[in-house]
Amino acid sequence: MLQNEKGTWAFKTLFTSSFKHQQITEEAILQTTTEVCRTRAIRQGKDFVPPSVLTVESVTKACSSPESAKGFKQAISQINHGNAWVDFWHVFHREYHFDSERFLEGRDLITKGVEAVKAAAQQKNYETARDRLGKALHTLQDFYSHSNWVELGNQFPYSNLIRPDSKIKNIAEQATCRSCDGGNCLNNILENIISEKKLTSGYFGLSKPSGKCSHGNLGDASSLLNPRGGINKDEKTSSHGHLHDKAANMAIAATRELLEDIRGVLGDSDFLRLMGFSQNSVLCFVIDTTGSMGDDIEEVQRVTSYIIDSKKGTANEPLEYILVPFNDPDFGPLFRTTNADKFKQQINALRARGGGDLPELCLSGLQLALTGSPPKTEIFVFTDASAKDIELLNTVKALIEKTKSVVTFMLTNAFGTRRKRSDEPNQGQRVSNRMSNPVNEIYVDLALASGGQAIEVTKETLPQATSIIVDTSATTLVTVFQAVRNPGKVEKFSFIVDTSLKNLTIYITGNSPVFNITSPSGNSQSSNELSGQLGLVERVGNFYTVRLTVIDLVGIWNINISSLQSYSIKVIGQSDIDFLFTFIELSESAHSGYSELSGRPTANSNVTLFLTMVGGDTVIPTQVALLYAFGSQTINGTLEHVTGGDYLVTMTNVPTGEFVVRVMGEKSSLRSSNNIFQRQSVTQFRASSVVITAQIDNEWEPGKTLSIPFTVSHDGSNELLNIIARNDREFVTEFPSTMRIESGSSGNGTVNITAPTATLSGTEVTLTIEATTPDGGDFNYAVLRLTVVAPITDFTPPVCEIVSINANCTSNCSLSSWELTANITDGNGTGIMSLTVRQGLGNLNTSTMLGDGGVNVTLAHYRASCCSQEMELVAVDGAGNVGTCSKSISSCSAAGSHTGVE
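This one's a predicted model, so the numbers in the text were calculated from it and none came from an experiment.

Trainee: Describe in detail the pattern of salt bridges, supporting the description with residues and values.
Mentor: Counted according to the given criterion, the structure contains 33 salt bridges. A salt bridge links Arg38 to Glu35; its shortest N-O distance comes to 2.8 Å. Of this pair, Arg38 and Glu35 both sit in helix α1 (residues 21–43), three residues apart, roughly one helical turn. For Arg38, a relative accessible area of 29% gives the class partly exposed. Notably, a salt bridge pairs Arg336 with Glu320, separated by 2.4 Å at the nearest N-O pair. A residue pair is termed long-range when its members are at least 10 positions apart, and Arg336 in strand β4 (residues 335–337) and Glu320 in strand β3 (residues 320–326) qualify at 16 residues. For Arg336, a relative accessible area of 24% translates into the label partly exposed. Linked through salt bridges whose partners overlap, the residues forming this network are Arg256, Glu260, Arg263, Asp268 and Arg838.

Structure, rendered in structure tokens:
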């Protein structure tokens, strides 16, 4: 059910016809990304056609990366979630909104946030960087709505807000406002404040200094005190709502300025990765390297080479590769690279050695992969051993739910193994269980929880099963339908295929299930027909792949399965239509903020989803439901449009067991029964009667201890809950091991985590705090991404001095050239770390010399054709400060020569 769009608040987060933080942020990101792609195209000698209307889809298409639309949308959503978080957790903290003239404190929040963004992004920790970016942007954007910067007649953003070495000038120390004339607040700021360019912002709360302006509007008690009224521009109906659009456009420009600063540090390629380009194209392997895994490792090496070689230069080429080896007693380290050749070398260097009769540290390796990979990564685990580190089961489940990554296990111990273990069933048991080995139950459990597969094969048949890795490394992959039945039963399943879907594939996992597939046209094919009217059926071990080859896929498909043993079905394809979602908690204050849940939703209560549609503004959801993972029951939600492709979905109840999310909808431009689409999440979620809350919004320094308070409550009888806190870096962590919770109350605890002195700045630490009932039947968690940031004392950007220009341009620019030399220095700072050409088609050569006072000088020599008359260099020092050096020779491009410095 889709309700009408609401209109209440603006420059906040939800429900309004005025500018919201989401729109301001997205517009700035679209504009900046378009400029990045334009610059890259010109540098590569390619044409660039900017979109007439900026959308996620039009920008990725113009950037020659349409397959990145989903990743781009997800990155923008992550940044916006961080932005909304501020209004949830810090609604009354004035420095976060520049209220009450808290200019210095607000500027410090922005600059420290940007430091964390740069440090995290330089370490490729993009999820943390996006979260911190969103939080910093909220404060920056509020400055233009809550201060009088716009009223002072300024036409450009206040750059000092993002420069920690600059001063916030001319803050008003006197009275600033008079009372509004009734509802008219057009002239409530005093004339001398305007003429003297004094900076002020509205006070918010129960009191304010004499003569100071108030924020104004609903919820601000200070606006009832003299001087009455307010100056905020949050929405068009605000006290200064006549300036709302101007303030919003100024906030967009300021957001762009901050993004350009980050772009300068990262460079264009990594900036695009921060924005989610090609984010979904990740190849991740977790591999058992003990003695009996030689054949498995060889197969991983083979399939890796095949994927890299066959997809190189195509849209399906993985943009990132991740490898985590494990055995016993070791696991890791995680190897992560964007270089395919380096990944090949790393994979080919793996050797099977050691081991014995003991299980291996599989879950430790998987935990490392889940925390070190982007969200929604397809992770493939290869092993022929049971898991020794079973105590990590809940931690791994928590990470699967939080990251929504899909884990598929390649298990080569189905009929037996070269390693005989005391915990293995005997030969008779293996025969009676057909292909299933009881020691694999934990892997089956985790595969189902993530929406992956637990594929049991022999070592000899493993190569037949690895085709799933090739399938799932495709871009724009979506899940149309998924179901699990445990125990199995005879059942008919239906799913809808829309016109956007292609390369439809059906996976069925189970011990010899009998199935029949029927197309919308009535044609059918059974499981024993390897080649039939609908496609090709491949079987290896307990894993069936049905590749549909029929041309007309659109309509309702049916699958009939007859099996009393457990089985799963998954239908995937390629499409530009999909959805993203996260569970959230809405703010109950006047500000319309929200916060992502860091754990499971609460049982026996409402649950709210923040839903983002992918595929363009014409993709409209009509029904969102929670489906029982092991049954056919559904709980439908109520949709409320927020903005663009964003919706809030409210469920009045939540399933008692595992559940997934299904979205039905249609393209508004092609309304017909044949264009209804169906998409489904694959991660299984579960509500919990345990509630655990923990939040942290600051970084900590190497060698320091960070204290994280948390709260636990339990909807039930008095309980002594077990508490565990783990992190993926093995940093020393202290926490209470138990917590007694009285019925109807909560308990408080603290986790202390210490970062070693040698920790690199930008290091990301994933901390999982778990609370479990005594019987182990229920648990909840809080997953927090923390960042270690070394203190920065160098705030001065590099300086560029152009030494000489020599232009000898003729009427035929292609036959002449110009050159420039410049000295780039960083004074006594951290030194020049990089110098790159942002604009211009010339060649740059650099060298270093020792200048006056022992300061290192980077000598830059730039040479270009006279057809490329614009040049801009970007210099970055070790502290992430950015300096630029630009020149145009357009004035001297005619025949003749020009030398000198301008």
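Now that the structure is up, let's keep going.
Trainee: Let's hear about the state of the cysteines: which residues, and what values?
Mentor: One pass over the full model with this rule turns up six disulfides. With its sulfur 2.0 Å from that of its partner, Cys809 forms a disulfide with Cys866. Residues Cys809 and Cys866 share a disulfide whose torsion about the S-S bond is about -80°; that sign makes it left-handed. Of this pair, Cys809 sits in the loop between β34 (799–808) and β35 (817–825) while Cys866 sits in the loop between β38 (856–865) and β39 (870–877), and the two are 57 residues apart along the sequence. Sequential numbering of the bridged cysteines in the protein chain gives the disulfide pattern 1-2, 3-6, 4-5, 7-12, 8-10, 9-11. No disulfide involves Cys284; its sulfur sits 12 Å from that of Cys362, the nearest cysteine. By relative accessible area, which is 0% here, Cys284 ends up buried. Of the residues examined, Cys362 reaches a relative accessible area of 0% and is grouped as buried.

Trainee: Please provide a residue-by-residue account of the packing of aromatic side chains, values included.
Mentor: Each aromatic ring pair is described using two quantities: the centre-to-centre distance and the angle formed by the ring planes. Tallied over the entire structure, the rule returns 29 aromatic pairs. Here the aromatic rings of Phe779 and Tyr781 are separated by 6.1 Å at their centres, their planes lie at 40°, and the arrangement is tilted. For the pair formed by Phe779 and Tyr781, the shared burial category is buried. Counting every residue linked through ring pairs, the aromatic cluster contains Phe98, Phe103, Phe143, Tyr144, Trp149 and Tyr158. Positioned above the aromatic ring of Trp85, the side-chain terminus of Lys135 is 4.0 Å from the ring centre. Lying over the aromatic face of Phe581, Lys404 brings its terminal NZ or CZ to 4.8 Å of the ring centre.

What counts and what doesn't
Residues numbered from 1 in each chain as written. Predicted model: local features only at pLDDT ≥ 70, side-chain atom pairs only at ≥ 80, totals over all residues. Heavy atoms only, no water. Salt bridge = Lys/Arg side-chain N within 4 Å of Asp/Glu carboxyl O. Helix = DSSP H or I, 4+ residues; strand = E, 2+ residues; numbered from the N terminus. Buried < 20%, exposed > 50% of the residue type's maximum accessible area, 1.4 Å probe, protein only. Disulfide = S-S within 2.5 Å. Phe/Tyr/Trp six-rings, centres within 6.5 Å; stacked < 30°, edge-to-face > 60°. Lys NZ or Arg CZ within 6 Å of the ring centre and 35° of its normal.

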